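# Results of the structural survey
Here is how the chains run, residue by residue.
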Amino acid sequence: MKIAIAGSGALGSRFGYMLYEAGNDVILIDKWKEHIDSIRENGLIVQDGNNRKIVNIPIFYPHEVAEEVDLVFVFTKSMGLQDMLEDIKPILGENTSVISLLNGIGHEDILKEYLPVKNIFMGVTIYTSGLKGSGHVIFEGSGTIEIQNFTPGDREEKKALQLVGMLNQAGFKAYYSEDVKYSIWRKACVNGAMNAICALLDCNLAEFVSTNQAEMIIRHIAKEFVKVAKEKGTILDEDDIVEYILQSSRKVGSHYPSMHQDLIQNHRLTEVDFLNGAVARMSKELSFETPYNTLITQLIHAKEQIIMDE
Ligand code: NAD
């Protein structure tokens, strides 16, 4: 199977490497010059605990790829998805499947512009990885992947099961999801309640949940996620999510969420428009207000401007 990894940063490199090592025909796609130069000259450096390996995986700029592939994993940040799909149009054939495991909500609306809905597969992963620099990926523990076809149908479900099988064969723990939309919304709600606040307060998860205000803030944000999700056909349990966020954040302690890493540590734009911003946008379309998520989105964009202008 010919597979393209569209966005080969931290998570894309991990998926690309594992699928390549399992014998699939894999190409990486990215637009980060130093990363591409480094992988072309020295191979991709893969670090998993104390194990270090160098692998020669082909990597291309989007404009260099033209041949249709069977499967595309999209692994840009959410706000880079549209540009990436625009750039890789030539490799998206009539039967090319695309899997999105991106954090946040609303990616399917972008994917639908570029391929038939029957070819869209959505999922959630809790695998994590980081980059030590260009061309050097670090695996961070294990995880799981759940995947489901975006549209119902026997053919689509069979395809999703095949993709699950392929991922398991490559060493991932993957399974077929009976309700991936629920999992996507739930993860987005958890991220939406914590990530932006930790970035705005410049603190880690444990520091935020130890404050007297945390539970109230988390509940305000989660309540709005739950309301919008319900209107979109997904039922989330507010109490269950708030309790999960409080417990898990105390447990993982000193972890700085990805929005803190992006904005505060690396001075990069954030995925807020696909988390709190998506809830704000969708509620507006549904003719009601979500003031907490709207304000958080505005604050993060203001912080992005301050940091980028520095
Ligand atoms: P990343 O920034 O490390 O990688 C994204 C890559 O996409 C970069 O190398 C960038 O150069 C490339 N890119 C972006 N736009 C492009 C374009 N138009 N053309 C070509 N290349 C482009 O991000 P990441 O951490 O790998 O995250 C990817 C997605 O996975 C995000 O939605 C993130 O929330 C999600 N996610 C990440 C992790 C993790 O541990 N890193 C875990 C779970 C989910």
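Not measured: the values here are computed from a predicted model.

## Digging into the overall build of the protein
Assigned secondary structure in the protein consists of 12 helices and 12 strands. Counting every position in the protein, which comprises 310 residues, the buried fraction comes to 54%. Put simply, the protein shows about 14400 Å² of open surface, and 49% of that area lies on carbon and sulfur atoms.

## Observations regarding a negative patch on the surface
A cluster of acidic residues, Asp154, Glu157, Glu178 and Asp179, forms a negative patch at the surface. Tracing the backbone through its elements, the reader meets Asp179 in the loop between strand E12 (174-176) and helix H6 (180-201). Classification of Asp179 as partly exposed rests on a relative accessible area of 41%.

## Details of helix H9 (residues 238-252)
Since there are 3.6 residues in each turn of an α-helix, residues three or four apart along the chain are aligned in direction. Relative to the 21 Å expected for 15 residues at 1.5 Å per residue, H9 spans 21 Å between its end C-alpha atoms, a close match to the ideal helical length. Within the sequence span of H9, burial applies to Glu238, Ile241, Val242, Ile245, Leu246, Ser248 and Ser249. Next to the buried residues of H9 lie H6, helix H7 (205-209) and helix H8 (214-231). Its side-chain oxygen at 3.1 Å from the backbone nitrogen of Asp239, Asp237 defines the N-terminal cap of H9. Backbone geometry just after H9 places Gly253 at a positive phi near 55°.

## Side note on the layout of surface pockets
Estimates place the volume of the second largest pocket at around 340 Å³. Lining the second largest pocket are 19 residues, and of these Gly106, Glu108, Asp109, Trp185 and Met282 sit closest to its centre. At the level of secondary structure, the elements contributing two or more residues to the lining of the second largest pocket comprise helix H4 (107-111), H6 and helix H11 (276-285). Counting residues per element, the lining of the second largest pocket draws most heavily on H6, which supplies four residues.

## A word on the UniProt feature "domain: Ketopantoate reductase C-terminal" (unreviewed entry) in the protein
Here, UniProt's "domain: Ketopantoate reductase C-terminal" (unreviewed entry) annotation points to residues 179-304. Along residues 179-304 the backbone is 73% helical and 0% strand, and the end-to-end C-alpha distance reaches 34 Å.

## Some thoughts on the confidence of the model for the protein
Residues of the protein with pLDDT of at least 70 account for 100%, and the chain-wide mean is 97. Interface scoring of the predicted complex returns ipTM 0.97; its pTM is 0.96.

## Observations regarding the sheet that holds strand E10 (residues 136-140)
The four strands are arranged E4-E3-E10-E9 in an open sheet whose pairing can be described as mixed. This sheet does not close on itself; its edge strands, each paired only once, are strand E4 (51-55) and strand E9 (128-133). Pairwise comparison of adjacent strand axes, ignoring direction, gives a mean angle of 25° for this sheet. In this structure, E9 lies alongside E10, joined through five bridges in antiparallel fashion. Bridged to Leu131 within E10 is Val137.

## Some points on the pattern of salt bridges
Counted by the stated rule, this structure contains 11 salt bridges. Among the salt bridges present, the one from Glu21 reaches Lys53, with a minimum N-O distance of 2.6 Å. Pair noted here: Glu21 is in helix H1 (residues 10-21) and Lys53 is in strand E4, with a separation of 32 residues, a long-range link. When the shortest N-O distance is used, the salt bridge between Arg186 and Asp240 registers 3.0 Å. Placement of Arg186 in helix H6 and of Asp240 in helix H9 is noted, with a sequence separation of 54 residues between them. Using a relative accessible area of 35% as the deciding quantity, one classes Asp240 as partly exposed.

## Structural notes on H8
End to end, H8 covers 26 Å across 18 residues, agreeing with the expected 26 Å (1.5 Å per residue, within 8%). The complete set of buried residues in H8 reads Ala214, Ile218, Ile221, Ala222, Glu224, Phe225, Val226, Val228 and Ala229. The inward-facing, buried residues of H8 contact H6, H7, H9, H11 and helix H12 (291-309). A positive backbone phi angle near 95° is found at Gly233, which sits one or two residues after H8.

Rules of the game
- Residues numbered from 1 in each chain as written.
- Predicted model: local features only at pLDDT ≥ 70, side-chain atom pairs only at ≥ 80, totals over all residues.
- Heavy atoms only, no water.
- Helix = DSSP H or I, 4+ residues; strand = E, 2+ residues; numbered from the N terminus.
- Buried < 20%, exposed > 50% of the residue type's maximum accessible area, 1.4 Å probe, protein only.
- Areas by Shrake-Rupley, 256 points an atom, 1.4 Å probe, with all protein chains shown as cover.
- Patch = residues over 30% accessible without salt bridge, like charges linked within 9 Å, V, L, I, M, F, W, Y side chains within 5 Å.
- Salt bridge = Lys/Arg side-chain N within 4 Å of Asp/Glu carboxyl O.
- Lys, Arg positive; Asp, Glu negative; His and termini not counted.
- Charge placed at Lys NZ, Arg CZ, Asp CG, Glu CD.
- Expected span 1.5 Å × (residues − 1).
- Contact = heavy atoms within 4.5 Å.
- Polar contact = N/O pair within 3.5 Å; in protein donor to acceptor, adjacent residues only side chain to side chain.
- 1 Å grid on protein atoms, 1.4 Å probe; cavity = no way out; pocket = protein on both sides within 12 Å on 5 of 7 lines; lining within 4 Å.
- Points joined across faces, edges and corners; volume = space filled by probe spheres on them.
- UniProt positions renumbered as here; feature names shortened; annotations may be inferred.
- pLDDT = per-residue confidence, 0-100.
- Pairing = 2+ DSSP bridges.
- Axes fitted to C-alpha atoms, helices over the stretch in contact; angles between N-to-C directions.

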